[in-house]
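Remarks on the overall topology
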Amino acid sequence: DQQQLIDTHYGAIAAKAVKLSPDQLSVQLAAQDEFERAFGLPWADAVAQGLVYNAAQGAEALGISGEELGARWGTLTKGVDMLKFGGGF
């Protein structure tokens, strides 16, 4: 939303999802391993190649709104086509 009310309410999570770029995240080794198993590319390589986005960057790259990105994300299933990196992600 334009006033970032949700972002303000969920500050730490929102910072990771919207405000921080992927190279600014501290991703645990276990999560990096899961990422590589899922995508066949190490996390660090994907970040270095510019293949990983935060939510705002991803929506922009896809040419969709944040709301549409949220709707698409809502259809994903953890362990199938979504990774959860840990608390706050």
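Structure: above.
Now for a quick tour of the structure. (Residues numbered from 1 in each chain as written. Predicted model: local features only at pLDDT ≥ 70, side-chain atom pairs only at ≥ 80, totals over all residues. Heavy atoms only, no water.)

Some words on the overall build of the chain
To keep it simple, the criterion reads: Comment: elements are numbered from the N terminus, with helices defined as DSSP H or I runs of at least four residues and strands as E runs of at least two. Throughout this description, buried means an accessible area under 20% of the type-specific maximum (1.4 Å probe, protein chains only), exposed means over 50%, and partly exposed covers the range between. Any two residues whose heavy atoms approach within 4.5 Å at even a single point are treated as in contact. Only the protein chains shown count as cover for residues, and the accessible areas themselves come from Shrake-Rupley with a 1.4 Å probe.
Summing up its helical and strand segments, the chain has 6 helices and 0 strands in all. When its helices and strands are written in sequence order, the chain yields α-α-α-α-α-α. Out of the 89 residues in the chain, the part that is buried amounts to 20%. Pairs at least 24 apart in sequence give 54% of the contacts found in the chain among residues at least 6 apart. With an accessible surface of roughly 6300 Å², the chain has 55% of that area assigned to carbon and sulfur atoms.

Here's the deal with the nonpolar core
Heads up, the rule is: Definition used in this section: a nonpolar core is a set of buried Ala, Val, Leu, Ile, Met, Phe, Trp, Tyr and Cys residues joined via side-chain atoms within 4.5 Å.
Core analysis: the largest hydrophobic core is formed by 9 residues, namely L25, V27, A31, F35, W43, A46, V47, V52 and F85. The set of elements that each furnish at least two residues to this core consists of α3 (29-39) and α4 (43-48). The dominant element in this core, judged by the number of residues it contributes, is α4, at 3 residues.

Things to note about helix α5 (residues 55-62)
This is how the line gets drawn: Think of a polar contact as two N or O atoms within 3.5 Å of one another; within protein, one of them needs to be a possible hydrogen donor and the other a possible acceptor, and neighboring residues in sequence only count if both atoms come from side chains.
The distance from a side-chain oxygen at the start of α5 to the backbone nitrogen of A56 is 3.0 Å, and the residue carrying that oxygen is N54. Following α5 by one or two positions, G63 has its phi on the positive side, about 70 degrees.

Describing the side chain of S21
You can see S21 is positioned in the loop between α2 (11-19) and α3. Polar side-chain contacts of S21 include one of 2.3 Å to the side chain of D23. With sequence-adjacent residues up to four places away left out, S21 is seen in contact with N54 and Q57.

Things to note about the packing of aromatic side chains
Two aromatic rings are characterised by how far apart their centres lie and by the angle between their planes. The criterion, for reference: Note on aromatic contacts: the rings of Phe and Tyr and the six-membered ring of Trp form a pair at centre separations within 6.5 Å, being stacked when their planes are under 30 degrees apart, edge-to-face when over 60 apart, and tilted otherwise.
Across all of its chains, the model carries 2 aromatic pairs by this definition. With centroids separated by 4.8 Å and ring planes inclined at 45 degrees, the aromatic side chains of F35 and F39 adopt a geometry described as tilted. Remark: F39 and F35 occur in helix α3; sequence separation between them is 4 residues, near one turn of the helix. By relative accessible area, F39 is classed as exposed at 54%. Taking the centre distance of 5.2 Å and the plane angle of 90 degrees together, the rings of F35 and W43 count as edge-to-face. In this structure, F35 and W43 share a single accessibility class: buried. An aromatic cluster of at least three residues, connected via ring pairs, comprises F35, F39 and W43.

Re the side chain of N54
Checked against the element boundaries, N54 lands in the loop between α4 and α5. On the accessibility criterion, N54 (9% relative accessible area) is buried. Only 3.0 Å separates the side chain of N54 from the backbone nitrogen of A56, close enough to count as a polar contact.

The values are spatial; any link to function lies outside them.
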